[in-house]
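Structural characterization, general
Read off the chains here:
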Amino acid sequence: MRRRNRETEQFSISFLDVASCGFGAVIILLMITKSAAPTNEFFIDTLPTGSIEELTRQLFAIRSQTTELQEELNASERRNAEQERLSAGLDSQRRLLEAEFNLARNEGDSVAEEIGELLLARQTLTEEMQRLFDQTQVQASSYIGGVPVDSEYVIFVIDTSGSMYENAWGRVLEVIEETLDVYPEVKGIQVMNDMGDYMFSSFRGDWIPDTPARRRQIISSLRTWGPYSNSSPVEGVTEAVRSFYEPGRKISVYVLGDDFQQGGSIEQVLRNIDRINAAVDGERLVRIHGIGFPVILSNPGRYAQTGYRYASLMRELTERNGGTFVGLNDFR
């Protein structure tokens, strides 16, 4: 039997192993290369973070400037509209004045003629017409400062309390003198305090004759006259109405005071006076005027309340009884 060469066989197998491995490696490389698709590289330019923030600030600044410019534009448009409106109004007024001027110029001749006729008619007034004119003037002068002064009799009801006597008495004398000057001549005068006490007991229930000497005596006696008072005008007004009213007499009662402390509530006092000074034929028996001195009102807090009560009472009392209430600004 023939023997094989073992060395040659081993070489051949080794060669085949190497060749197979090499061929397999080539195939594997081809497969790897075949499955990977070609790729393109792209380069993106990027800006640093700081540049983005700066652009953002610039954007907001531009937006802010745009808003301000828009507001200025709107304001300018409003001003223009207002100026146009004013211009139109002035133009309308100008045309109206021109029309009135032309009308007045056209009517000038007729107005001059009417004035001449009125002057001629005034020159030809008869004595009777002149007398009626004078009476009208006298009637118009029967009101001074809104206070009717056509009464024939005058009664003063004066608060003689300590607050009045110690603080406002000089002003009281001035007011009474001024009031008497308004009435150059009356048929009778009377003076009493708010309690109904007479200054001249000899003329109790009777009128003081109106003469220059009596008027001087009244002012002189008032300087030292200070009877007790409860700071309530109720008693004095009641005495004045009950004692001096008579049908046909025109009487004015002047109440001078600074506060209202006693005598009941304001409504109760008003009802009492309404009953005493009842209306006859639509008119009260006497007129009641009030003059307020701000003595108590100058005190702070609760002390001023009686001053407010007096003012409230006299406003309502004078309105109901055909008179006028005058509140003075100063009592000195």
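Here's what I pulled together on the structure shown here. Here the structure is a predicted model, which is why all the values come from computation and not from measurement.

The next subject is the overall build of the chain. Along the backbone of the chain there are nine helices and nine strands. Counting every position in the chain, which comprises 332 residues, the buried fraction comes to 30%. Sequence separation of 24 or more characterises 80% of the internal contacts of the chain that already satisfy a separation of 6 or more. As presented, the chain carries roughly 23000 Å² of accessible surface, and 54% of it is formed by carbon and sulfur atoms.

Before going further, it helps to spend a moment on unusual backbone geometry. Of note in this structure, Ser231 is not a glycine but carries a positive phi near 55°. Note on placement: Ser231 falls in the loop between α6 (212–222) and α7 (234–244). Relative accessible area serves as the criterion here: at 5%, Ser231 is assigned to the buried category. Notably, Asp281 is not glycine yet its phi reads approximately 55°, a positive angle.

To continue, consider the pairing of strand β4 (residues 188–193). The buried fraction of β4 is high, at six of six residues. Residues of β4 alternate between two faces, with Gly188, Gln190 and Met192 on one and Ile189, Val191 and Asn193 on the opposite face, all of them buried. Sheet topology note: the strand β3 (residues 153–158)/β4 ladder contains six bridges and is parallel. Looking at the pairing, Ile158 lines up with Asn193 of β4.

Moving on to helix α9 (residues 305–320). Compared with an ideal rise of 1.5 Å per residue, which puts 16 residues at 22 Å, α9 spans 23 Å between its outermost C-alpha atoms and is within 8% of the ideal. Burial in α9 covers these residues: Gly307, Tyr310, Ala311, Leu313, Met314, Leu317 and Thr318. Those residues of α9 that are buried are in contact with β5 (251–257), α8 (266–276), β8 (287–292) and β9 (325–327).

If you look at the biggest cluster of nonpolar residues, it comprises 31 residues, and the most contacted ones within it are Phe156, Ile176, Leu222, Leu256 and Phe293. Secondary structure elements with two or more residues in this core: β3, α5 (169–182), β4, α6 and β5. Here this core gets six residues from one element, more than from any other, and that element is α5. Ranked by size, the runner-up nonpolar core spans 26 residues in total, among them Val237, Val255, Val269 and Leu285.

Quick look at the sheet that holds β3 now. Taking strand neighbours across the sheet as the criterion, the five strands line up as β4-β3-β5-β8-β9 in an open arrangement whose pairing is parallel. Pairing within the sheet leaves two strands with one partner each, and these edge strands are β4 and β9. When the angles between neighbouring strand axes are averaged without regard to direction, this sheet yields 15°. Most of the contacts of α7 go to β4, to which it runs at about 150°, and overall it touches β3, β4, β5 and β8. Sheet strands in contact with α9 are β5, β8 and β9, and its direction is about 155° off that of β8.

As a further point, take the side chain of Asp259. With respect to the helices and strands, the residue Asp259 is situated in the loop between β5 and α8. A polar contact is formed between the side chain of Asp259 and the side chain of Ser231, at a distance of 3.3 Å. A polar atom in the side chain of Asp259 sits 2.6 Å from the side chain of Gln261. Residues within four places of Asp259 in sequence aside, it is in contact with Asp159, Ser231, Ile296, Thr306, Gly307 and Tyr310.

Note on placement: Gly264 falls in the loop between β5 and α8. As a C-alpha pair, Gly264 and Val234 span 30 residues in sequence and 9.3 Å in three-dimensional space. What Gly264 contacts, discounting residues up to four positions off in sequence, is Val269 and Arg309.

Quick notes on the rules
Residues numbered from 1 in each chain as written. Predicted model: local features only at pLDDT ≥ 70, side-chain atom pairs only at ≥ 80, totals over all residues. Heavy atoms only, no water. Helix = DSSP H or I, 4+ residues; strand = E, 2+ residues; numbered from the N terminus. Buried < 20%, exposed > 50% of the residue type's maximum accessible area, 1.4 Å probe, protein only. Contact = heavy atoms within 4.5 Å. Areas by Shrake-Rupley, 256 points an atom, 1.4 Å probe, with all protein chains shown as cover. Pairing = 2+ DSSP bridges. Expected span 1.5 Å × (residues − 1). Core = buried A, V, L, I, M, F, W, Y, C linked by side-chain atoms within 4.5 Å. Axes fitted to C-alpha atoms, helices over the stretch in contact; angles between N-to-C directions. Polar contact = N/O pair within 3.5 Å; in protein donor to acceptor, adjacent residues only side chain to side chain.

Purely geometric stuff here, so don't read any function into it on its own.
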